Amino acid sequence: MSNWKLICKLEDIPQLGSRVVHWPERGKVAVFRSSDDEVFAMHDKCPHKGGPLSQGIVHGKRVTCPLHGWNIGLDDGKAVAPDVGGCKTFEVKVENGEVFMAA
Amino acid sequence: MVSGHAYGKSIRTVKTCVGMEHCRFGTQLAMSMGVKLEKMLFDMYAPHKVKLAVSGCPRNCAEAGIKDVGIIGVDSGYELYIGGNGGIKTEVAQFLCKVTSDEEVMEYSGAFLQLYRLEGWYLERTCHYLERVGMDYIKGKILEDEEGRKALYAALLAELKDAKDPWATSREPQAIKQFIPIMVEA
């Protein structure tokens, strides 16, 4: 995991919001920014019915899927109980106000 | 249309029929007349809601007879009706005048609405305003006093000329940027 790819500036992602990244081998990846400027990335696809998590509401370290209200943990990609399942997450880091994703 | 225009004490969407372009009975371009009125009256607030309708012929598919300002297309131009109401107590709009051009429709209806805006009490619909002041009074102000009518119309246009669409900023590049996906090359 030494190969990092520049995605965008931190300020390009709205706080408590997200951006969608089209990554050829990965498809759509949602990059979230929390209220304290932590950044997370995972497949933009809810494990339940494939809802677009990037359009969900971010709260704390969770995002709520806009389709059926599943809560997905941003750091581990796992659905919050009682729901089960998870999304694949990707490593991201912020350096000097720029967001990088592990290739 | 601005959100508030659907429930505010303001201009409501102008109802029209399909007009002469799409109907064998149509005598006027009802839809474009409706668009012109709606654009002219954009952001117009009033003592109460204001509903308009434009029908392309006297069959009146747009139900102009129960609107605050109802416009009915006829072969020779338009007939203007005012003070209709379709609420709990239905009121049939009263005939105001006949005009021949789109511009006159805008001038006469604009002048009437400006008069109502100036003199109507809060929460008083045009039918109640009309009942209070009387049709003869309106006719005196709008039909017989050409200068007064033009002044009312000019005042309305002056008040509405700076109307801004509050949603316009949400379509600017900076505002929609967050919804555009970021492309990563392989």
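For the structure, see preceding data.
Residues numbered from 1 in each chain as written. Chains lettered and ligands numbered in written order. Predicted model: local features only at pLDDT ≥ 70, side-chain atom pairs only at ≥ 80, totals over all residues. Heavy atoms only, no water.

### Some words on the pairing of strand 2 (residues 52-55) of chain B
Two faces, one strand: in a regular strand the side chains alternate between the faces of the sheet. Residues and elements named next belong to chain B. The criterion, for reference: Categorising residues by exposure relies on relative accessible area from a 1.4 Å probe, with only protein chains included: less than 20% of the type maximum marks a residue as buried, more than 50% marks it as exposed, and the intermediate range marks it as partly exposed. Numbering of helices and strands runs from the N terminus; a helix is a DSSP stretch of H or I covering at least four residues, while a strand is a stretch of E covering at least two. Between any two strands, at least two bridges found by DSSP are needed for them to pair. Orienting the strands away from the viewer, one traces the path from the first strand over the helix to the second; a clockwise path indicates a right-handed crossover.
In strand 2, alternate side chains face the same way, and those of Leu52 and Val54 on one face and Ala53 and Ser55 on the other are all buried. For strand 1 (residues 15-16) and strand 2, the ladder comprises two bridges, and the chain directions are parallel. By the bridge assignment, Lys15 is partnered in strand 2 with Ala53. Handedness of the β-α-β unit built from strand 1, helix 1 (residues 30-40) and strand 2 comes out left-handed. Where strand 2 lies against strand 3 (residues 69-74), four bridges are found, and the strand directions are parallel. Across the sheet, the residue bridging to Val54 is Ile71, located in strand 3.

### Here we look at the packing of aromatic side chains
Put simply, the rule reads: Classification of ring pairs rests on two measures: the distance between centres of Phe, Tyr or Trp rings, Trp counted by its six-membered ring, which must be within 6.5 Å, and the angle between planes, read as stacked under 30 degrees, edge-to-face over 60 and tilted in between. In our convention, an over-ring charge means Lys NZ or Arg CZ found within 6 Å of a ring centre and within 35 degrees of that ring's normal.
Enumeration over the complete set of coordinates arrives at two aromatic pairs over all chains. Seen from their ring centres, Tyr116(B) and Tyr129(B) are 5.7 Å apart, and the 55 degrees between their planes marks the pair as tilted. Note that Tyr116(B) is positioned in helix 2 (residues 102-119) and Tyr129(B) in helix 3 (residues 126-133), a separation of 13 residues in sequence. Between Lys93(A) and the ring centre of Phe100(A), over which it is positioned, the NZ or CZ distance is 5.8 Å.

### Overview of the layout of surface pockets
Note the cut-off: Note on definitions: the grid is 1 Å and covers protein atoms alone; a cavity is a set of points where a 1.4 Å probe fits but cannot get out; a pocket is an open set with protein on both sides within 12 Å along at least five of seven lines; lining residues have an atom within 4 Å of a point. Grid points are joined across faces, edges and corners, and a volume is the space filled by probe spheres set on the points. When residue character is reported, Ala, Val, Leu, Ile, Met, Phe, Trp, Tyr, Cys and Pro are called nonpolar, Asp, Glu, Lys and Arg charged, and the others, Gly included, polar.
There is about 220 Å³ of room inside the largest pocket. Surrounding the largest pocket, Pro14(A), Gln15(A), Gly17(A), Ser18(A), Arg19(A), Val20(A), Ser54(A), Gln55(A), Gln178(B), Phe179(B), Ile180(B) and Pro181(B) form its lining. Per-class residue counts for the lining of the largest pocket are five nonpolar, six polar and one charged. Empty space within the second largest pocket amounts to approximately 170 Å³. Forming the walls of the second largest pocket are Lys49(B), Lys51(B), Asn85(B), Gly86(B), Gly87(B), Ile88(B), Lys89(B), Glu91(B), Arg125(B), Cys127(B), His128(B) and Glu131(B).

### Details of the sheet that holds strand 8 (residues 89-90) of chain A
Pairing is mixed in the open sheet, where five strands are placed in the order 8(A)-4(A)-3(A)-2(A)-6(B). Two strands lie at the open edges of the sheet, namely strand 8 of chain A together with strand 6 (182-183) of chain B, each paired on one side alone. Pairing geometry for strand 3 (residues 27-33) of chain A and strand 4 (residues 39-43) of chain A, over five bridges, is antiparallel. Each residue of the ladder has a partner; that of Ala30(A), found in strand 4 of chain A, is Met42(A).

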